[in-house]
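Structure assessment
Listed below, chain by chain, are the residues.
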Amino acid sequence: MAPDSLARGSVRSAAEVNEQIRALWVRAGGTLSTQERAEYELLVVEWAAAIRSEVIEAA
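What you see as residue numbers is a count from 1 along each chain, following the sequence as written. Only residues with pLDDT of 70 or above have their local features reported here, since the model is predicted, and side-chain atom pairs are shown and tallied only from 80 upward, although totals for entire chains, interfaces and linings are computed over all residues. The basis for every side-chain value is the complete set of heavy atoms in the structure, and neither hydrogens nor water enter the calculation.

**Brief notes about the nonpolar core**
The line we're drawing: Grouping buried Ala, Val, Leu, Ile, Met, Phe, Trp, Tyr and Cys residues that are joined through side-chain atoms within 4.5 Å yields what is termed a nonpolar core. Per-residue accessibility, obtained with a 1.4 Å probe over protein chains only, is compared with the maximum for each type, and a residue is labelled buried under 20%, exposed over 50%, and partly exposed between these values. Secondary structure is summarised from DSSP: a helix means a run of H or I of at least four residues, a strand means a run of E of at least two, and numbering begins at the N terminus for each.
Formed by Val 17, Ile 21, Leu 24, Ala 28, Leu 32 and Leu 43, the largest nonpolar core amounts to six residues. The element that contributes the greatest number of residues to this core is helix H2 (residues 14-28), accounting for four residues.

In structure tokens form, the structure reads like this:
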């Protein structure tokens, strides 16, 4: 995911992103390759943005 799209907020919910993170770990068998680590890091950033967005909306 490009940084520009992160700045505008996550399109997916935190739950959706979390499910993708979990699936990545299952596919990787608990050990991430370099490419999977990069994907994981992007997903965590997206998840954090989605959490912040959901908290702001709830307030």
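**Here's the deal with the side chain of Glu 36**
In plain terms, the rule: When charges are counted, neither His nor the chain ends are considered; positive counts come from Lys and Arg and negative counts from Asp and Glu. The salt bridge criterion pairs a side-chain nitrogen of Lys or Arg with a carboxyl oxygen of Asp or Glu, the two atoms within 4 Å. A 3.5 Å cut-off defines polar contacts: any pair of N or O atoms within that distance qualifies, except that in protein one atom must be a possible hydrogen donor and the other a possible acceptor, and neighbouring residues in sequence count only when both atoms are side-chain atoms. The criterion used for residue contact is that any of the two residues' heavy atoms lie within 4.5 Å.
For Glu 36, the location among the structural elements is in helix H3 (residues 34-58). Here Glu 36 sits buried without a salt bridge, and the closest side chain of opposite charge, Arg 27, lies 5.7 Å off (N-O distance). A polar contact is formed between the side chain of Glu 36 and the backbone nitrogen of Ser 33, at a distance of 2.7 Å. Apart from the residues within four sequence positions on either side, Glu 36 is in contact with Leu 24, Ala 28 and Thr 31.

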